[in-house]
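Listed below are the residues making up each chain.
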Amino acid sequence: MVRRVLPRHSSELTWRDYLAILAPRPATLEEAWSGLPAQARVLPTPTGRHALWAFLEEAPLKPGDEVLLASYNFYPVVQILVQRGLVPVFVDIEPQTLNLDPEDLTRRISKRSRLVLVTHMFGHPADMDRIGEICREGHLLIFEDCAHAPGTLHGGAQVGFSGEGALFSFGVYKILNSLGGGMLVLSGPEADRFGMPRFPVRRGPGSLVEPLARLLFSIGSSPALHGLTLHPFLGFCERHLPGLARTLDPTDNDPGYRFDPAGRAPFRPFMAEMIRRQVARLETNVARRRAAAEGIRSRLGRHAEDLWLQPDRHGRSNASYLGVRLPDAAEGARLCREQGVGCREREYLDCSRLPQFAAWATECPESKRAEEQILRIPSYPSLSDSDQERVARALLRALQG
Ligand SMILES: Cc1ncc(COP(=O)(O)O)c(C=O)c1O
């Protein structure tokens, strides 16, 4: 009997979402996000990374300016800062939310600090009240990384609109998936000064491969198919074609990574229509994700206290990623996978210790601990009661070692 593998991610797209490709009058991104704050502009970009790149191009920053950001982070974001001649200043995280620790932020601000980049890691809202206060006092700009955060609320409102800018990502592994794409949000008083982001586009037959691969990946990670297609395929690649596996589903740090503005297909109009269809059910899906997470937590009994983070400490998490803390995430991951539960250790890294950022190395003990201990486990709307039971059992097994 083939045992169904529980993927750690499920795309949750329906065939109706894919039909947006054929929509005669696709929505615009503004229409997709009904109820946008009045001052906000939303601009399409090929990926979330491109949104940050475009923001930095026009923001009032000069080479050598310092950008403060959480050390536990998505390392390509740091690489983009470096490529733009900015100086990353690593700040430690709160252990409960995995987000920028405001108290450590105050310690690391200097005369050259210009921007604070706040990531709402795993969809947990960061402490925007305190961070906002610190930035106002220090005349610092704020850019929010909302790659994980559609549906994440702070003070009852969608995060991403309280600083000068924000990025959103619509990649195939994100909770709003338009087969790639991203969005730059501009909310500051200077928003109108920014031009429409333009990126060089690669032409030729090769340019079709990447969008097509994303379409196949997305279909393959639907709830019905993932366990039968993508998961075994990735497993095969990990065993026999490790190079390809890392390209398809990268986990490890790649010190040679460079952001390439021409490296991705452009944002196409149908993508905004796909986003509109998913935004319409975002609230329902967030509620179901949160219920799935709660279902797992409630099955852990007294162990929940050791394993669980505090995703709602500063608002409402969208439960887009569910992370738990184990004594050793790598060993926990091995035991979970043995039981057919998809998961990922070292989903994010303590960037202050990465070799390519050695020039800016500093001690961030909580970020290091998060890299070693946080395990990402499944949390998606279609996770059934018996799936939740399976995840909880695998975690308890992982805790016992
Ligand atoms: C925290 C974080 N920031 C930024 C990004 C960038 O998004 P994209 O892959 O669309 O460039 C990601 C993508 O995984 C992410 O996880």
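Residues numbered from 1 in each chain as written. Predicted model: local features only at pLDDT ≥ 70, side-chain atom pairs only at ≥ 80, totals over all residues.

## A short note on the overall build of the chain
In plain terms, the rule: The helix count covers DSSP runs of H or I at least four residues long, the strand count covers runs of E at least two residues long, and both are numbered beginning at the N terminus. With the radius of gyration taken over C-alpha atoms, the globule rule is written as 2.2 Å times the number of residues to the power 0.38. Contact criterion: two residues are in contact if their C-beta atoms, reconstructed from the backbone, are within 7 Å.
Each helix and strand counted, the chain has 15 helices and 14 strands in total. Computed over C-alpha atoms, the radius of gyration of the chain comes to 20 Å, within 12% of the 21 Å expected from 2.2 N^0.38 for 401 residues, which places it in the range of a compact globule. Taking the principal axes of its C-alpha atoms as reference, the chain extends roughly 60 × 50 × 40 Å. Look at the contacts in the chain between residues 6 or more apart in sequence, and 74% of them connect residues 24 or more apart.

## Quick word on the site of the ligand
In plain terms, the rule: Each residue receives a C-beta atom placed from its backbone. It is near a molecule or strand if this atom lies within 6 Å of it. Just so you know the grouping, Ala, Val, Leu, Ile, Met, Phe, Trp, Tyr, Cys and Pro go in nonpolar, Asp, Glu, Lys and Arg go in charged, and all remaining residues, Gly too, go in polar.
By nearness alone, every residue bordering the ligand is listed as T47, G48, R49, F74, V77, T119, D145, A147, H148, S169, G171 and G182. Of the residues contributing to the shell around the ligand, the split by class is three nonpolar, seven polar and two charged.

## Digging into the packing of helix α13 (residues 329-338) against helix α15 (residues 385-400)
Quick note on the threshold: Fitting a line to C-alpha atoms yields each axis, with helices limited to the stretch in contact; the angle taken between N-to-C directions then spans 0 to 180 degrees. Working definition: roughly parallel below 35 degrees, roughly antiparallel above 145 degrees, roughly perpendicular at 65 to 115 degrees, and oblique for all remaining angles. Helix crossings are classified by the rotation of the near helix relative to the far one: an anticlockwise turn of less than a right angle makes the crossing left-handed, while a clockwise turn makes it right-handed.
At their nearest, the axes of α13 and α15 sit 9 Å apart, and the two run at 135° to each other. With respect to α15, the axis of α13 lies oblique. Viewed along their axes, α13 and α15 form a crossing whose handedness is right-handed. Residues G332, L335 and C336 of α13 lie in contact with α15, whose contacting residues are A394, R397 and A398. Of the residues contributing to the contact of α13 with α15, the split by class is four nonpolar, one polar and one charged.

## Digging into helix α3 (residues 48-58)
Worth spelling out the cut-off: Here a residue counts as buried when 20 or more other C-beta atoms sit within 10 Å of its C-beta, as exposed when there are 12 or fewer, and as partly exposed otherwise, the C-beta atoms being derived from the backbone.
Counted residue by residue, α3 has nine buried out of eleven residues, so it is predominantly covered. Within α3, the full set of buried residues consists of G48, R49, H50, A51, L52, W53, A54, F55 and L56. Here the buried face of α3 lies against β1 (41-45), α4 (75-83), β6 (141-145), β9 (165-169) and β10 (182-186).

## A look at the pairing of β6
Applicable threshold: For two strands to pair, DSSP has to find at least two bridges joining them. Here a crossover is taken to be right-handed if, once the strands point away from the viewer, the path from the first strand over the helix to the second is traced clockwise.
Most of β6 is tucked away, with five of its five residues classed as buried. In β6, alternate side chains face the same way, and those of L141, F143 and D145 on one face and I142 and E144 on the other are all buried. Of the pairings in the sheet, the one linking strand β5 (residues 113-119) to β6 comprises five bridges and is parallel in character. Bridge pairing links T119 to D145 in β6. In the classification by handedness, the crossover that spans β5, the intervening helix α6 (residues 128-138) and the parallel β6 is right-handed. Bridge analysis of β6 against β9 gives three bridges, and the strand direction is parallel. From the neighbouring strand, D145 faces β9, where its bridge partner is L167.

## Describing the sheet that holds β9
Spatially, the seven strands line up as an open sheet ordered β1-β10-β9-β6-β5-β2-β4, and their pairing is mixed. Two strands bound the open sheet, and with one partner strand each, they are β1 and β4 (87-91). Strand-to-strand twist across the sheet, computed as the mean angle between neighbouring axes with direction ignored, equals 20°. Here five bridges tie strand β2 (residues 66-70) to β4, and the two strands are oriented parallel to one another. Residue pairing in the sheet places E66 in a bridge with V87 of β4. Each of β1, β6, β9 and β10 is contacted by α3, which is oriented at about 35° to β10, the strand it contacts most.

## Considerations on unusual backbone geometry
Note on backbone geometry: most residues besides glycine have negative phi, and most peptide bonds are trans. Here F122, not a glycine, exhibits a phi torsion of approximately 60°, which is positive. As for its position among the elements, F122 is in the loop between β5 and α6. The class for F122 is buried, based on 25 C-beta atoms found within 10 Å.

## Describing the packing of helix α11 (residues 282-298) against α15
In the contact formed by α11 and α15, the axes pass within 8 Å of each other and the chain directions differ by 50°. The angle between the axes of α11 and α15 places the two elements in the oblique class. Considering only the axes of α11 and α15, their crossing is right-handed. Residue-level contacts link A292, G295 and I296 of α11 to D385, Q388, V391 and A392 of α15. Taken together, the residues of the contact of α11 with α15 sort by class into four nonpolar, two polar and one charged.

## So, the sheet that holds strand β12 (residues 344-345)
The strand order across the open sheet formed by three strands is β11-β14-β12, and the pairing between neighbours is antiparallel. Looking along the sheet, the strands with just one partner apiece sit at the ends: β11 (322-325) and β12. Note: β12 against strand β14 (residues 374-377), two bridges, orientation antiparallel. Looking at the pairing, R344 lines up with R376 of β14.

## Overview of the nonpolar core
Defined as follows: In this description, a nonpolar core means buried residues of the types Ala, Val, Leu, Ile, Met, Phe, Trp, Tyr and Cys, linked to one another by C-beta atoms lying within 7 Å.
V116 and L184 are the most contacted members of the largest nonpolar core, which has 101 residues in total. Per-element accounting of this core gives the leading share, six residues, to α3. Sequence-distant contacts of V116, that is, excluding residues within four places in its chain, are made with L68, L105, I131, C135, L140 and I142.

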